[in-house]
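A look at the structure
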Amino acid sequence: MALFGLAGLFIASRAADATFIWTGLAFTLISVFWIYNLIRISFDEAEGKRVRAREQVVPYTLLAIAFCSVLFHVLSPWWWAPIASNWHYIDNTINLTFWLTGIVFAAVLAFMAYCVFRFRHREGNRAEYEPESTRLEAILAIGTSFGIAAMLAPGLVVWNQYITVPDNTVEVEAVGQQWSWNFRLAGQDGRLGTSDVRNVRPNGNPLGLNPDDSHGQDDIVVEAEDLHLPVGKPVRLLLRSIDVLHSFYVPEFRVKMDMIPGMVTQLWFTPTRTGRFQILCAELCGVGHSIMRGWVVIDDEQAYQAWLGAQQTFASRASPALASSEGDSAGRPGRQDGGRAHAPH
Ligand SMILES: [Cu+2]
């Protein structure tokens, strides 16, 4: 019965059109109700409410659930997108967690099945009262501690790698706003200029670069277009938001980090293959959250240089008026609306 339900899930997940999806889900629902009914019947039998028709349905059902769950995990069509960065450590820790929790899950169900079978109702049997067992408590406490430590320890090691940025990274800025992604790369001087949300102007300065900072003049500003990066080079992404909380997430890179207004957060990765990968916002950030998508294109060196050469610098984008008149405190009225990148609609 459980296999029947499993087959239904597979049909639903592989199906291209709605009819098959609903057929598959119906399969699964029917088998779930069937199993539920079997369990109910056997409980009734155990309580003597009903003539014993099917001996020991519950233990077998429990074992079947454990077996099919593990089988489903192994054969599941819902799995990660193929990795495109150095962060295979993250996959390893998740796999480890899956296996540890899977083994415990199967063991608990097997224990339940054993107990249901071993201590089933029989005429004249009486239960023993044994409220405490120091030995059993010690075994469970120590066993559980080891299991949890085994799941947490690899995560700490990987987290340490994740927050330790290597020296040879290229700095690139990604800025989230409702509801698009902008980027900035250092120009000839190899340095990003300073920025402030009070400098943000929808036309000419979407990232709020400081017009008086000479380091910022040659910065390459990519507004709501694809970000290109060279393959094989470690990248340190500096993350900013100019309005509300966002989160930068590229599933293939296995990296995700929140973007917090007023703070610069960061993450780093090394792209390991060329391709076009979607950026998702992973923090609910307003009605347009689900359409807040962008793309990172990983190029070989030649294609990357060609793309880089075609980009505009901050100085070439900005209008002369912007650079001079709003740099001082006289620009105060302009600052009032400067916190937002653009009108909501
Ligand atoms: Cu967002």
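Keep in mind it's a predicted model, so treat the numbers as computed, not measured.

**Looking at the pattern of salt bridges**
Inspection of the entire model under this criterion finds seven salt bridges. The salt bridge partner of Asp91 is Arg254, with a shortest N-O separation of 2.7 Å. With a gap of 163 residues between them, Asp91 in helix α4 (residues 88–118) and Arg254 in the loop between β6 (246–250) and β7 (255–259) connect regions that are remote in the sequence. A residue is classified by how much of its surface remains accessible, and Arg254, at 12% relative accessible area, is buried. As a salt-bridge pair, Glu171 and Arg236 come within 3.1 Å of each other at their nearest N and O atoms.

**Observations regarding the coordination of the copper ion**
The textbook angles at a metal center are 109.5 degrees for a tetrahedron of four donors and 90 or 180 degrees for an octahedron of six. Taken together, the protein ligands of the copper ion are His246 (ND1), Cys281 (SG), Cys285 (SG) and Met292 (SD), with distances of 2.0 to 2.4 Å. For the copper ion, the four donor atoms in the first shell make angles of 94 to 124 degrees at the metal, so the coordination geometry reads as tetrahedral. In this structure Cys281 comes out as buried when scored by relative accessible area, which is 8%.

**Let's talk about the side chain of Ser180**
Examined against the element boundaries, Ser180 turns out to sit in strand β2 (residues 180–185). On the basis of relative accessible area, Ser180 is assigned to the buried category, the value being 18%. Excluding anything up to four places from it in sequence, Ser180 contacts Val175 and Met292.

**A look at the sheet that holds strand β1 (residues 170–177)**
What the five strands build is an open sheet, ordered β3-β2-β1-β5-β8; its pairing is mixed. Of all strands in the sheet, those with a lone pairing partner are β3 (220–223) and β8 (265–269), marking the two edges. Taken over all neighbouring pairs, the strand axes of this sheet differ in orientation by 25 degrees on average, direction set aside. Pairing analysis gives six bridges linking β1 to β2, with the strands arranged antiparallel. Its bridge partner being in β2, Val175 is matched across the sheet by Asn182.

Cut-offs applied
Residues numbered from 1 in each chain as written. Predicted model: local features only at pLDDT ≥ 70, side-chain atom pairs only at ≥ 80, totals over all residues. Heavy atoms only, no water. Salt bridge = Lys/Arg side-chain N within 4 Å of Asp/Glu carboxyl O. Helix = DSSP H or I, 4+ residues; strand = E, 2+ residues; numbered from the N terminus. Buried < 20%, exposed > 50% of the residue type's maximum accessible area, 1.4 Å probe, protein only. Donors = N, O, S within 2.8 Å, 3.2 Å for Na, K, Ca; no water. Tetrahedral: all angles 85-135°; square planar, octahedral: opposite > 155°, others 65-115°. Contact = heavy atoms within 4.5 Å. Pairing = 2+ DSSP bridges. Axes fitted to C-alpha atoms, helices over the stretch in contact; angles between N-to-C directions.

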